[in-house]
Amino acid sequence: MQSLGGIRSWPATWRTTTASMMTTTTTESVRKVAQVLTVAGSDSGAGAGIQADIKVCAARGVYCASVITAVTAQNSRGVQSVHLLPPDFVSEQLKSVLSDFEVDVVKTGMLPSPEIVEVLLQNLSEYPVRALVVDPVMVSTSGHVLAGSSILSIFRYRLLPVADIITPNVKEASALLGGVRIQTVAEMRSAAKSLHQMGPRFVLVKGGDLPDSSDSVDVYFDGNEFHELHSPRIATRNTHGTGCTLASCIAAELAKGSPMLSAVKVAKRFVDTALNYSKDIVIGSGMQGPFDHFLSLKDPQSYRQSTFKPDDLFLYAVTDSRMNRKWNRSIVDAVKAAIEGGATIIQLREKEAETREFLEEAKSCVDICRSNGVFLLINDRIDIALACDADGVHVGQSDMPVDLVRSLLGPDKIIGVSCKTQEQAHQAWKDGADYIGSGGVFPTNTKANNRTIGLDGLREVCKASKLPVVAIGGIGISNAESVMRIGEPNLKGVAVVSALFDQECVLSEAKKLHKSLTESKREH
Ligand SMILES: Nc1ncnc2c1ncn2[C@@H]1O[C@H](COP(=O)(O)OP(=O)(O)O)[C@@H](O)[C@H]1O
Ligand SMILES: Cc1ncc(COP(=O)(O)O)c(N)n1
Ligand SMILES: [Mg+2]
């Protein structure tokens with residue numbers, strides 16, 4: 001058993017050191033980030049290998065550098081071809097990264113030749129890192145040999161002894177142990193024990209491919225104790241890259257300062273969540289599809305053809321739970337009628353609703369709005385907007401600040417903000433809002449203690465901002481035209497509450513209002 005010294009010189013302290021690095025800010029503009037280096041093969045289909053490693057690290061908030069050992073021509077049907085990089089060039093990549101970056105953890109995937117393992121070991125002894133995660137990739141899920149038996153010896157005698165954790169699947173564990181049978185959890189446990197004797201500090205034998213198992217069980221061994229990590233087996237074809245993802249997620253958590261068992265548990269849960277989320281997505285026509293590390297591809301937003309346009313503010317319907325109760329209507333029915341009558345955007349403003357109930361209603365409204373090509377925004381409740389995958393939110397001046405909302409919702413969602421003054425309008429633009437709601441233009445009962453700014457106030461807000469503006473507050477059939485007549489080019493529409501929802505027939509009121517707005521638009 002050989003030791004690289006350098007790799008093992010840290011273990012007693014690396015966790016605490018890394019943890020404190022994460023929180024220490026040297027100066028205001030300098031921030032250390034947790035860093036992983038993956039040394040692995042490229043997968044052209046981007047489900048496994050280097051591409052999976054970079055995605056999982058990004059998803060876990062860790063920087064990931066990449067040293068490529070081989071390039072594979074690969075897709076959901078299998079591996080069509082493999083091209084090994086010259087060991088000298090792998091070494092050059094390793095030197096480039098390790099001599100420059102403060103890499104916390106190195107994770108290895110496909111190491112296709114003993115010479116490549118050799119240059120890796122050399123570089124690690126020259127540039128010690130805090131932990132080494134070895135995923136002993138040998139055969140792809142599709143059955144293609146990615147590293148042949150020629151690497152077994154250097155794996156067993158040189159690489160495993162310096163690894164902090166190794167993560168073989170059952171086939172790889174069997175190969176490393178000279179072909180022992182591993183078909184049960186008991187056999188996985190005994191394999192983990194034997195592998196531990198080869199020198200790694202921790203062993204995780206993965207049971208994704210264990211036959212006849214309703215659970216997906218991984219066996220963890222720390223030299224003393226076993227832990228069985230169970231999760232229900234997810235029925236999906238999208239398991240390409242699960243092994244790479246698990247190992248990189250462990251590396252990412254270690255880089256952030258986690259102890260080993262916590263890192264492994266987080267990684268298992270991450271794979272499980274991502275598989276479950278992506279179980280029915282279709283990428284590629286083969287047997288083994290990639291899954292979605294960012295839990296976003298299923299989001300219909302990513303298929304959204306249209307983006308928010310100022311004219312979407314034309315007839316903006318804002319729901320109100322009190323009014324719906326008064327007229328004995330569900331929010332869903334109110335929204336349906338408003339859209340049918342011509343509403344061009346919907347905001348759910350349900351100040352008194354119970355969270356659970358509101359969420360269910362919001363989900364139904366998202367479906368209705370999406371099938372009608374109308375955006376749905378949620379007033380104030382960022383959590384509900386995220387949970388129901390609404391198109392955006394509308395916030396007031398005393399709600400969460402727009403820049404923070406943007407960082408929570410990401411660049412694609414629509415954010416509107418209420419502004420009464422030029423300063424607020426200016427700030428809304430700076431903070432990255434998409435539109436301004438300005439009012440109350442006229443007195444209203446919908447909002448208590450709301451200062452009325454009048455048409456002059458509305459005009460000022462419009463002039464102060466490059467953002468599109470929608471007028472709100474006491475607007476209905478009788479005065480909508482007078483509002484639009486102020487003629488500011490960025491005033492794009494009116495938002496209404498009572499004029500639609502405190503009425504017996506939402507549909508006919510919406511139609512009337514739409515007609516009147518269309519006429520006033522034609523005149524100007
Ligand atoms: N169908 C599945 N449902 C739930 N978890 C799975 C499934 N397939 C694999 N996993 C999990 O994914 C991780 C990778 O395991 P495995 O597929 O055995 O490795 P490899 O991809 O290296 O062959 C493990 O944590 C395993 O339990
Ligand atoms: C470049 C590369 N590295 C690793 C794997 C293993 O991943 P899986 O076992 O999920 O096919 C792969 N298929 N390709
Ligand atoms: Mg797998």
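Please read all numbers here as calculations on a predicted model, not as lab measurements. (Residues numbered from 1 in each chain as written. Chains lettered and ligands numbered in written order. Predicted model: local features only at pLDDT ≥ 70, side-chain atom pairs only at ≥ 80, totals over all residues. Heavy atoms only, no water.)

Q: How should a nonpolar patch on the surface be read in this particular structure?
A: A grouping of Val-33, Tyr-63 and Phe-101 is seen on the molecular surface, where their side chains present a nonpolar patch of about 260 Å² in accessible area. Take Val-33: it is sitting in the loop between α1 (11–23) and β1 (35–43). (Patch = residues over 30% accessible without salt bridge, like charges linked within 9 Å, V, L, I, M, F, W, Y side chains within 5 Å. Areas by Shrake-Rupley, 256 points an atom, 1.4 Å probe, with all protein chains shown as cover. Salt bridge = Lys/Arg side-chain N within 4 Å of Asp/Glu carboxyl O. Helix = DSSP H or I, 4+ residues; strand = E, 2+ residues; numbered from the N terminus.)

Q: Please explain the nonpolar core as it appears in this structure.
A: Across soluble globular proteins, nonpolar side chains have a tendency to be buried as a group. Ile-346, Leu-348 and Ile-378 are the most contacted members of the largest nonpolar core, which totals 76 residues. By size, the runner-up hydrophobic cluster in this structure holds 47 residues, among which are Met-138, Val-162, Leu-195 and Leu-210. (Core = buried A, V, L, I, M, F, W, Y, C linked by side-chain atoms within 4.5 Å. Buried < 20%, exposed > 50% of the residue type's maximum accessible area, 1.4 Å probe, protein only.)

Q: Help me understand the state of the cysteines in this model?
A: As used here, a disulfide is simply a covalent bond connecting the sulfur atoms of two cysteines. Within this structure, the stated rule accounts for zero disulfides. Left without a disulfide partner, Cys-249 is nearest to the cysteine sulfur of Cys-57, which lies 8.0 Å away. A relative accessible area of 0% places Cys-249 in the buried class. Free cysteine: Cys-462, not disulfide-bonded; nearest cysteine sulfur from Cys-419 at 11 Å. (Disulfide = S-S within 2.5 Å.)

Q: Explain the sheet that holds strand β8 (residues 215–221) here, please?
A: Spatially, nine strands are ordered β3-β2-β1-β4-β5-β6-β7-β8-β9 in an open sheet, and the strand pairing comes out mixed. This sheet does not close on itself; its edge strands, each paired only once, are β3 (78–84) and β9 (226–232). Bridge count for β1 against strand β4 (residues 105–108) is four bridges, and the pairing is parallel. Residue pairing in the sheet places Leu-37 in a bridge with Val-106 of β4. The strands touched by helix α8 (residues 242–255) are β1, β4, β5 (131–134), β6 (165–166), β7 (202–205) and β8; relative to β4, the strand with the most contacts, the crossing angle is about 175°. (Pairing = 2+ DSSP bridges. Contact = heavy atoms within 4.5 Å. Axes fitted to C-alpha atoms, helices over the stretch in contact; angles between N-to-C directions.)

Q: Would you explain the sheet that holds strand β16 (residues 469–472) in this entry?
A: Strand pairing in a sheet relies on backbone hydrogen bonds. The paired strands run either parallel or antiparallel. Taken together, eight strands build a closed barrel; the order of strands is β10-β11-β12-β13-β14-β15-β16-β17 and the barrel is parallel. For this sheet, the mean angle separating the axes of adjacent strands, direction not counted, is 25°. Here four bridges tie strand β13 (residues 392–395) to strand β14 (residues 414–419), and the two strands are oriented parallel to one another. Note that in β14 the partner of Val-393 across the bridge is Ile-415. Sitting on the sheet, helix α15 (residues 422–431) is in contact with β14 and β15 (435–439), with an inclination near 165° to β14.

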